[in-house]
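# Descriptive structure summary
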Amino acid sequence: MSYSLYRRLHNVFTNTAKSQVLAAIADAKPKVPPPFNPISEPESSKEQKFRPLIRKFKYLSKDPRFRCRHVNYESFVRRLSRTQQFSAIEDILEHQKIYPEIEDEGFVVRLISLYGKAGMFEQARRLFDEMPELNCERTIISFNALLAACVNSKKYDKISEIFRELPGKLAI
């Protein structure tokens with residue numbers, strides 16, 4: 001009787017040890033990452049993660065007091081920029097055009113600078129070009145904001161082009 005009990009305990013412990021060793025070996029094998037797919041699930045999950053925040057930001061933008069707080073815009077755009085959610089940045093900043101402050105140069109300058117900080121110079125330039133259509137006068141202040149957006153976007157080659165083209169065109 002004791003012989004069979006001994007044998008049984010021996011088998012239990014040696015099989016457990018073997019299974020643990022085999023599991024450790026299986027975990028130690030290098031795992032091959034899946035091939036890169038530009039349209040993959042993580043991107044859509046990122047977008048899904050930010051979609052409610054974007055809706056909330058747009059909803060809060062209805063309040064003029066919210067639109068006056070620069071830090072709200074800067075922190076949200078910085079967060080979206082870090083995760084490369086450029087379409088979301090464009091979405092929330094384009095949404096701001098429906099509000100009456102879009103006729104105020106200071107408000108537009110802030111949007112231009114946000115585009116620049118996000119590295120989206122083309123959108124900043126487009127907004128600068130749209131200013132007359134938005135009943136907003138372009139002055140040296142908005143011109144400087146465009147130059148700053150160019151620098152923040154690291155589009156240094158565009159600076160000379162802007163200096164040659166715009167001052168004469170705008171009588172600045």
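Residues numbered from 1 in each chain as written. Predicted model: local features only at pLDDT ≥ 70, side-chain atom pairs only at ≥ 80, totals over all residues. Heavy atoms only, no water.

Moving on: the pattern of salt bridges. A complete count under the given rule lists 14 salt bridges for this structure. Of the charged contacts in the structure, one is a salt bridge between Lys58 and Asp91, with a shortest N-O distance of 2.9 Å. You can see Lys58 sitting in helix α2 (residues 41-60) and its partner Asp91 sitting in helix α5 (residues 86-95), a full 33 residues away along the chain. Classification of Asp91 by relative accessible area gives partly exposed; the value is 26%. Lys97 is the partner of Glu94 in a salt bridge, and the nearest nitrogen-oxygen pair spans 2.7 Å. Judged by relative accessible area, which is 25%, Glu94 ranks as partly exposed. One continuous salt-bridge network, built from bridges that share partners, spans Glu90, Glu94, Lys97, Arg126 and Glu130. (Salt bridge = Lys/Arg side-chain N within 4 Å of Asp/Glu carboxyl O. Helix = DSSP H or I, 4+ residues; strand = E, 2+ residues; numbered from the N terminus. Buried < 20%, exposed > 50% of the residue type's maximum accessible area, 1.4 Å probe, protein only.)

Moving on: α5. Listed in full, the buried residues belonging to α5 are Ala88, Ile89, Ile92 and Leu93. When α5 is viewed along its axis, its buried side chains cluster within an angular range of 125° and face the same direction. (Arc of directions from axis to C-beta.)

A few words on the packing of aromatic side chains. A complete count under the given rule lists five aromatic pairs for this structure. Both rings, one in Phe57 and one in Tyr73, keep their centres 5.2 Å apart while their planes meet at 90°; by these two values the pair is edge-to-face. Of this pair, Phe57 sits in helix α2 while Tyr73 sits in helix α4 (residues 70-82), placing them 16 residues apart in sequence. When its relative accessible area of 6% is taken as the criterion, Phe57 is described as buried. Classification of Tyr73 as buried rests on a relative accessible area of 1%. Within the aromatic cluster, the residues linked to one another by ring pairs are Phe57, Phe66, Tyr73 and Phe76. Directly above the ring of Tyr99 sits Arg67, whose terminal nitrogen or CZ lies 4.2 Å from the centroid. Taking the ring centre of Phe128 as reference, the NZ or CZ of Arg138 above it sits at 5.0 Å. (Phe/Tyr/Trp six-rings, centres within 6.5 Å; stacked < 30°, edge-to-face > 60°. Lys NZ or Arg CZ within 6 Å of the ring centre and 35° of its normal.)

Before going further, it helps to examine the UniProt feature "repeat: PPR" (unreviewed entry) in the chain. Mapped onto the present numbering, the UniProt feature "repeat: PPR" (unreviewed entry) falls on residues 104-138. As a span, residues 104-138 carries 66% helix and 0% strand, and end to end its C-alpha atoms are 10 Å apart. (UniProt positions renumbered as here; feature names shortened; annotations may be inferred.)

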